[in-house]
Amino acid sequence: MYNTDVFINELLTVVVPVYNTAQYLEKCINSIIYQKYNKLDIILINDGSTDDSGKFCDEFSNKDDRIRVIHINNNGPVAARNLGVQLAYGKLITFVDSDDWIEPDMYFCMMAAYAEYNPDMITSGLTIETPKNVIYEIDKIPPGLYECEDINDKIIPCMMYDMQTKQRAITPSMSNKIYKVELLKKVCADLDENIVLGDDAAITYIFITKATKIMILDRSWYHYVARSNSLTQNNNIDSFQKIYKFYHYMRKKFLEFGIWSQTETQVKAYTKIFLFWAIKSVFDILPERPKYLFPFELIEKDSSVVIYGGGNVGASYEENLIKSRYAKLHGWVDQNYTNLMTEDHIIQSPDILRDMEFDYVVIAVKNEKTVLEIKENLKELGINEQKVVWKSPICLE
């Protein structure tokens, strides 16, 4: 896809907003300074930390002349990141959260792609480290170079949410991407400063609409470490106002660009995810969902079961299995795993089934057409069709 023998000599700015992450800084910053690609302009923005983060930043700066440290009053990660954009020396820019880390060849490979194709943005995957598991997320659009017409026809219509796969096609994170600074400055300058929930999405998806060339890579070099409450975020009653601002900002911009008809469903589906977590966090309740009976008659007692389907049916089946102890729940998968994952329920990609031993895959969906698609997917994964079972779900309410 790209030639790593291409000579690369472009300065890459790496912005790291830092706030009270002293215990993680060493691993984070070392993963940057020991990159195989070393022509880096590293900006550590200490956002008013009250622990030793600021001191550690200064110590790293004293050891490596590529590192600049900016100490500011606490204004939040959005302001810190935007300051980094303004201070960038490089023509290209990327970001790292101060409690995450990156693999040694990340920037070398991404910059090789830039040297060969000169895209406005390069996007790659994420390795999500939860307290219980490691999950890999890559963009759902096939890897390769996409230019104007392809961006409009193949990326924008599904970038935030694809109606067919029920997934976002492009990850919103700014940390697994490289951007051209000049274009990013224009996007950030126009960003509503009140957007503090979904700010990565507000920048990335707006940037895509302005880009003329995008490179998609199918590697996950960036390690996002999901610590306590990081998946549900620290929601409070103000979260609903933040969600409202995000929705109306995206609507306003896409209307301006003349693409609201392509993106309305996407923005609403994306907003639903924020609302789900806000309701759960603020009120300690989940939206009501129907209950379905697990098809116990299709499997043997004490067998090992994987549930395929993370929606209402899958959630009911999971609860049935755990409470009944009839069989062992060995895994839970869904193509839309990234949007369905919670701290209590680890839903993974169906790809893991290739290397997993189990007795049954129980399909937990209602639509028979979808069942046929899932069976075909499982067949492509090499799963014995005798292990795959399905019955039209019986609703208990």
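This report concerns the structure included in the present document. This is a predicted model, so every value here is computed, not measured.

Within helix α6 (residues 181–189), burial applies to Val181, Leu183, Leu184, Val187 and Cys188. End-on, the buried residues of α6 take up no more than an arc of 160°, which puts them together on one face. Facing away from the buried side of α6 by more than 90 degrees, the exposed set consists of Glu182, Lys186 and Ala189. If you follow the buried residues of α6, they end up packed against α3 (77–87), β4 (92–95), β10 (177–180) and α7 (199–210).

What the four strands build is an open sheet, ordered β5-β12-β7-β8; its pairing is mixed. The open sheet has two free edges, formed respectively by β5 (101–102) and β8 (134–137), since each of these has just one partner strand. Pairing of β5 with strand β12 (residues 222–225) involves two bridges; the strand directions are antiparallel. Looking at the pairing, Ile102 lines up with Tyr222 of β12.

The next point concerns the pairing of strand β16 (residues 360–363). Burial along β16 is two-sided: Tyr360 and Val362 and Val361 and Ile363, pointing in opposite directions, are all buried. Where strand β14 (residues 304–308) and β16 come together, four bridges link them in parallel fashion. Bridged to Val306 within β16 is Val361. Between the parallel pair β16 and strand β17 (residues 388–389), the chain is carried across by helix α12 (residues 368–380), and the sense of this crossover is right-handed.

So, about the pairing of strand β15 (residues 328–333). Note that β14 and β15 share five bridges and pair parallel. From the neighbouring strand, Ile307 faces β15, where its bridge partner is Trp332. Between the parallel pair β14 and β15, the chain is carried across by helix α10 (residues 312–324), and the sense of this crossover is right-handed.

Another point: helix α4 (residues 106–117). The first and last C-alpha atoms of α4 sit 17 Å apart over twelve residues, in line with the 16 Å expected at 1.5 Å per residue. Most of α4 is tucked away, with nine of its twelve residues classed as buried. Among the residues of α4, those classed as buried are Met106, Tyr107, Phe108, Cys109, Met110, Met111, Ala112, Ala113 and Tyr114. Asn118 lies just past α4 and shows a positive phi near 55°.

Turning to the environment of Ile216, a few remarks are in order. You can see Ile216 is positioned in strand β11 (residues 213–216). When the C-alpha atoms of Ile216 and Ile122 are compared, they prove to be 6.0 Å apart, with 94 residues separating the residues in sequence.

The next thing to look at is the packing of helix α1 (residues 22–33) against helix α2 (residues 53–63). When two helices pack together, their arrangement is captured by the angle between the axes and the distance separating the axes. At their nearest, the axes of α1 and α2 sit 10 Å apart, and the two run at 25° to each other. As judged from the angle between their axes, α1 and α2 are roughly parallel. When the axes of α1 and α2 are compared, the crossing they make is right-handed. Contact with α1, carried on its side by Ala22, Leu25, Glu26, Ile29, Asn30 and Ile33, involves Ser53, Phe56, Cys57 and Phe60 of α2 and no other residues of that element. Classifying every residue of the contact of α1 with α2 gives seven nonpolar, two polar and one charged.

With that settled, consider the packing of aromatic side chains. Applying the stated criterion across every chain, the model contains eleven aromatic pairs. When the centroid spacing of 5.0 Å and the interplanar angle of 75° are considered together, the rings of Tyr179 and Phe207 count as edge-to-face. Within this pair, whereas Tyr179 is found in strand β10, its partner Phe207 is found in helix α7, the two being separated by 28 residues in sequence. As far as the burial class goes, Tyr179 and Phe207 line up, both buried. By way of ring pairs, the aromatic residues Tyr205, Phe246, Tyr270 and Phe274 are connected into one cluster. The ring of Phe60 carries Lys63 above its face, with NZ or CZ at 5.9 Å from the centroid.

Further remarks concern the side chain of His223. Residue position: His223 is located in strand β12. In this structure the side chain of His223 is engaged in a polar contact, spanning 2.7 Å, whose partner is the side chain of Glu129.

Ranked by internal contacts, the top residues of the largest apolar core, which has 57 residues, are Leu12, Ile32, Val96 and Tyr107. Examining the composition of this core, we find that nine residues originate from one element, α4, more than from any other. Look past the residues within four positions of Val96 in its chain and what remains in contact with it is Val14, Val15, Val16, Pro17, Cys28, Ile32, Ile102, Tyr107, Ser175 and Tyr222. Counting residues in each nonpolar core, the second largest holds 52 residues, with Ala88, Leu184, Cys188 and Tyr270 among its members.

Below, the discussion takes up a nonpolar patch on the surface. On the surface, a cluster of nonpolar side chains totalling about 250 Å² of accessible area is made up of Leu293, Ile394 and Leu396. Inspection of the secondary structure assignment puts Leu396 in the segment after β18 (394–395).

Our focus in this paragraph is the packing of α6 against α7. Where α6 contacts α7, the axes come no closer than 10 Å and their chain directions differ by 125°. In terms of axis orientation, α6 runs oblique to α7. With respect to the hand of their crossing, α6 and α7 are arranged in right-handed fashion. Only Ile203, Ile206, Phe207 and Lys210 of α7 make contact with α6, whose side of the interface consists of Leu183, Leu184, Val187 and Cys188. Of the residues that constitute the contact of α6 with α7, the class distribution is seven nonpolar, no polar and one charged.

Take the sheet that holds β15 next. Consider a sheet: its strands pair through backbone hydrogen bonds, and that pairing is either parallel or antiparallel. The strand order β15-β14-β16-β17 describes an open sheet built from four strands, whose pairing is parallel. Because the sheet does not close on itself, it has two edges, and the strands there are β15 and β17. Helix-sheet contacts for α12 involve β14, β16 and β17, and the interaxial angle to β16 is about 155°.

Rules behind the numbers
Residues numbered from 1 in each chain as written. Predicted model: local features only at pLDDT ≥ 70, side-chain atom pairs only at ≥ 80, totals over all residues. Heavy atoms only, no water. Buried < 20%, exposed > 50% of the residue type's maximum accessible area, 1.4 Å probe, protein only. Helix = DSSP H or I, 4+ residues; strand = E, 2+ residues; numbered from the N terminus. Arc of directions from axis to C-beta. Contact = heavy atoms within 4.5 Å. Pairing = 2+ DSSP bridges. Right-handed = clockwise from strand over helix to strand, strands pointing away. Expected span 1.5 Å × (residues − 1). Axes fitted to C-alpha atoms, helices over the stretch in contact; angles between N-to-C directions. Parallel < 35°, antiparallel > 145°, perpendicular 65-115°, else oblique. Left-handed = near helix turned anticlockwise from the far one by under 90°. Nonpolar A, V, L, I, M, F, W, Y, C, P; charged D, E, K, R; others polar. Phe/Tyr/Trp six-rings, centres within 6.5 Å; stacked < 30°, edge-to-face > 60°. Lys NZ or Arg CZ within 6 Å of the ring centre and 35° of its normal. Polar contact = N/O pair within 3.5 Å; in protein donor to acceptor, adjacent residues only side chain to side chain. Core = buried A, V, L, I, M, F, W, Y, C linked by side-chain atoms within 4.5 Å. Patch = residues over 30% accessible without salt bridge, like charges linked within 9 Å, V, L, I, M, F, W, Y side chains within 5 Å. Areas by Shrake-Rupley, 256 points an atom, 1.4 Å probe, with all protein chains shown as cover. Salt bridge = Lys/Arg side-chain N within 4 Å of Asp/Glu carboxyl O.

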